[in-house]
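Examination of the molecular architecture
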Amino acid sequence: MNRLFLPRLLPALLAAALLAACVQTPPAQSLSAQASSSPSTGPDTAPTLAAQQERERYVSELMQRMTLQEKIGQLRLRSVDAGPNVDKEALLQEIRSGQVGAIFNTVTRPGMRVLQDAAMQSRLKVPLFFAYDVIHGHRTVFPIGLGLASSFDMDAIARSGRISAIEANADGLNMTFAPMVDISRDPRWGRNSEGYGEDTYLTSRIGATLVKALQGDDPSQPGTIMAAVKHFAMYGAIEGARDYNTVDMSPQRMYQDYLPPYKAAIDAGAAGVMVALNAVNGVPATADPWLLQELLRKQWGFKGITVSDHGAILELIRHGVAADGRDAARLAIKAGTDLSMNDKVYGKDLEPLVESGEVSMAEIDEAVRHVLRVKYDLGLFRDAYRHIGRAEDDPADTEAESRLHRADAREVARRSLVLLKNEGDTLPLKKQGTIAVIGPLAKSQRDVMGNWSAAGKARQAVSVYQGLAEATAGRATLLYAKGANVIDDAEVVTYLNEFEKDVEVDSRTAEAMIAEAVQAARKADVVLAVVGESQGMAHEASSRTDIVIPESQRRLLHALKATGKPLVIVLMNGRPLALEWEHANADAMLETWFAGTEGGHAIADVLFGDYNPSGKLPMTFPRVVGQVPLYYNHLNTGRPFDPENPNKYTSRYFDHENGPLYPFGYGLSYTTFDVSDVKLSRAEMARGGQLTASATIRNTGRRDGETVVQLYVQDPVASISRPVRELKGFSKIFLKAGESREVSFEIGDEQLGFYNAQGRFNVEPGKFNVFLGLDSRAAQSASFTLH
């Protein structure tokens, strides 16, 4: 953890009266001031030896007083179930009897206070901590993970994390199951939307940034929450991109591509790790001692808590490694899974397992110690209510507008938008004339927020239509037509709406909706088609076999194209889509992902040129689904395909154009940029040394704008085959029209080495190629020799 909070020991163990300190909910203005200040990004600060000893003494004394049942209770993370028939008294009684250690799925201070009151009625009064899925915002919703990654802007990402922590902690929360740093190279996976794309370096940077932003310097203080990085490990590499599926992977690829983002988050001080649902090479992560003990704790030195995913321990039976619940509990606790999320098996089976000798008391104590350390660091033993506060200080309206951070959300959202096409300078639009706004997502407030939108309220989100209407008020005429349902497949709609109303279905015929849309388009000067996926189509348990825009919306787009009016496609989606027809036929196309509470305003800012887009893609967009997995940093193979000199016997498809539609790192601007030749500070370098790679970037257009300069490195000859290029640095710069600036990157062992099959980092001598440019096809290059 970045810095452990170490309060003074209470005079009597958990028997002193609780302090009456309250956690006020500050107004939004003061929260913005806190969020705008730089998060803790400096070197980690370790607690002093004396402080560590004091914490360990406190925890040890408490554990000596605990019964086995009370210890097991600390290992249970219970959900607050919703619904009219929930037996809430049963949960309260579990807490009073010391059978619950932590709670998730409650997001209001009054609700938490009742549960903490029950904990204070238990024999030892061990406080609860409260967790929730704060993934990309809490009450103010920021862009989804892919949108944040598209910004390539660590300051903006840190701002989203700070505000998320401030808002979540103001509601009494102590921990979030985030950031999600699973590398994914297959857009069919629904959970791409939560993560940061295909690249190891970019995801590692974002994961570390968010951990520090969420946790700050002191997790006991207001405005901070602990981070539990997920899903450990390699969940994004599941076969067929089918959720909950298995992963089979070589150790070398694990260490090189998939494990570094988790380690970066842990090195940044993450207090927790959520264990993945998948099996890795045949062993479910929840029951994998190599993953949770040898790698995580011994090799990486992790000191925090591990948390199972929802119901994952009992699922060991269906994985085929446990005979029953008792066997599953034994495997999980011995592997190193500390907290059981919503499984009853720890509470039911751990005690008889200890009594039989199948699980040792030392194994129970180790897990309990991890949990109690977290509570100590949160300051909960000094004041169990320090984050919940007093009832008289609760906000009068938990969902009040004043609790939102709209300006911050708008600024981060517009930095996340990616301009994919702009033929003939169709964009930016003028705020005049008649604009047809068409599409099933144009007026959706729920979908613009995206999935895992925490405590965000759809009624407070700005739809695309609302953003456009406010931007053009009194200056242009907007015509609206829904044009189509998001999807016409009744079975899919039933699936998506199983647990919540995800897709609203218009009862009119498809023909009638398209006819209305075409009529509006014909009256307009330009057509804005807001199409893509509902947020629930890019979610957990929402893997797709195809990644095209649903057929109902494609028919609409064809009809709009036939009107001959300029066609601007505004995409809303949580994964890369296959957009060959759309790219060929749209005059302009803007990727907006799910942009959050202020999404509509941010999108209008870009469409009308009040903000010059600067986002870059964090995942490759294939031409067709048959190409996936498709990612930029692939190995070359012995017969690489060369599009300039195509040959039959090379690694290619013969029935379709090869290569991506849009590569990793791609994104246009309303201005243009030129990159000079690459300059290296030296032609040769010894291992352990450093050199500088630089180039001059010039804004050659007529508008001021930002771009992301990207550094890629290639090791063309090594002991194992290495990728064609790998991202090793980036810099987002702003240039006025006509302005030039030199951008430099330092290159050393960290950028040149790689992991072998034993997980050891090697730096091998030889020639290296360096590329600088504005996407992963960067053409400006230079070479040097490492001795």
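Cut-offs used in this document
- Residues numbered from 1 in each chain as written.
- Predicted model: local features only at pLDDT ≥ 70, side-chain atom pairs only at ≥ 80, totals over all residues.
- Heavy atoms only, no water.
- UniProt positions renumbered as here; feature names shortened; annotations may be inferred.
- pLDDT = per-residue confidence, 0-100.
- Contact = heavy atoms within 4.5 Å.
- Pairing = 2+ DSSP bridges.
- Helix = DSSP H or I, 4+ residues; strand = E, 2+ residues; numbered from the N terminus.
- Core = buried A, V, L, I, M, F, W, Y, C linked by side-chain atoms within 4.5 Å.
- Buried < 20%, exposed > 50% of the residue type's maximum accessible area, 1.4 Å probe, protein only.
- Salt bridge = Lys/Arg side-chain N within 4 Å of Asp/Glu carboxyl O.
- 1 Å grid on protein atoms, 1.4 Å probe; cavity = no way out; pocket = protein on both sides within 12 Å on 5 of 7 lines; lining within 4 Å.
- Points joined across faces, edges and corners; volume = space filled by probe spheres on them.
- Nonpolar A, V, L, I, M, F, W, Y, C, P; charged D, E, K, R; others polar.
- Domains from an automatic or database assignment.
- Buried area = accessible area lost by both parts, 1.4 Å probe.
- Polar contact = N/O pair within 3.5 Å; in protein donor to acceptor, adjacent residues only side chain to side chain.

As recorded in an unreviewed UniProt entry, the protein goes by Periplasmic beta-glucosidase and comes from Bordetella genomosp. 13. Under the heading Sequence similarities (unreviewed entry), UniProt records this for the protein: "Belongs to the glycosyl hydrolase 3 family." UniProt's Subcellular location (unreviewed entry) comment on the protein is quoted here verbatim: "Periplasm".

Focus on the confidence of the model for the protein
Averaged over every residue, the pLDDT of the protein is 93; residues scoring 70 or more account for 94%. Of the regions scoring below 50 in pLDDT, residues 1–45 engages in 110 contacts with residues more than four places distant in sequence or in other chains.

A word on the sheet that holds strand β21 (residues 705–714)
Two orientations exist for strands paired in a sheet by backbone hydrogen bonds: parallel and antiparallel. The strand order across the open sheet built from 5 strands is β19-β27-β26-β21-β22, with neighbouring strands paired in mixed fashion. Of all strands in the sheet, those with a lone pairing partner are β19 (684–685) and β22 (726–735), marking the two edges.

Digging into the nonpolar core
Grouped together as the largest cluster of nonpolar side chains are 84 residues, with contacts concentrated most on I95, L202, F232, M234 and L259. Setting aside chain neighbours within four positions, we find F232 in contact with L259, Y262, V273, M274, V275, A276, A285, L291, L292, L295, L296 and W300. Listed in part, the 76 residues of the second largest apolar core include V141, V437, A481 and V486.

Focus on the pattern of salt bridges
Scanning the entire structure with this criterion turns up 54 salt bridges. Here E392 makes a salt bridge to R390, at a shortest N to O gap of 3.7 Å. Look at R390 and you get partly exposed, because its relative accessible area is 32%. A salt bridge links R415 to E706; its shortest N-O distance comes to 2.8 Å. Of this pair, R415 sits in helix α16 (residues 406–416) while E706 is found in strand β21, placing the two residues 291 residues apart along the sequence. The network of salt bridges with common partners includes D153, R410, E411, R414, R415, D605 and E706.

As for the UniProt feature "domain: Fibronectin type III-like" (unreviewed entry) in the protein
Within the UniProt annotation, "domain: Fibronectin type III-like" (unreviewed entry) is assigned to residues 707–776. From the first C-alpha to the last, residues 707–776 spans 14 Å; its make-up is 6% helix and 54% strand.

Notes on the layout of surface pockets
When its volume is computed, the largest pocket comes out at roughly 1,600 Å³. Breaking the lining of the largest pocket down by element, the ones donating at least two residues are β5 (226–232), α12 (316–319), α17 (445–449) and α19 (490–496). The residue inventory of the lining of the largest pocket, partitioned by class, reads 18 nonpolar, 14 polar and 16 charged. Reported here for the second largest pocket is a volume of approximately 1,100 Å³. Forming the walls of the second largest pocket are 30 residues, and the residues nearest its centre are L630, H634, F641, G659 and P660. Here the lining of the second largest pocket is composed, by residue class, of 13 nonpolar, 10 polar and 7 charged. No fewer than three residues from each of domain 1 (401–416 + 428–627) and domain 2 (673–786) sit in the lining of the second largest pocket.

Looking at the domain arrangement of the protein
If you check the domain split of the protein, you get domain 1 (401–416 + 428–627) and domain 2 (673–786). Using C-alpha coordinates to define each centre, domain 1 is positioned 36 Å away from domain 2. Of the residues lining the interface, 8 residues belong to domain 1; the matching set on domain 2 comes to 9 residues. For the pair domain 1 and domain 2, the two sides together bury roughly 620 Å², of which 36% comes from carbon and sulfur. The three residues of domain 1 that bury the most area against domain 2 are N612, S614 and K616, which together make up 65% of that side's buried surface. Viewed at the interface, domain 2 and domain 1 are joined by 1 salt bridge. Taken together, the links from domain 1 to domain 2 amount to 5 residue pairs in polar contact (both at pLDDT 80 or more). Across the side of domain 1 that touches domain 2, the residue classes break down as 3 nonpolar, 3 polar and 2 charged.

Topic: the side chain of N278
Along the chain, the position of N278 falls in the loop between β6 (272–275) and β7 (279–280). Since its relative accessible area comes to 0%, N278 is described here as buried. Reaching out from N278, the side chain makes a polar contact with the backbone oxygen of A233 at a distance of 3.3 Å. Beyond its immediate sequence surroundings of up to four residues, N278 is in contact with A233, M234, Y235, I238, N245, V247, V283, P284, A285 and H319.

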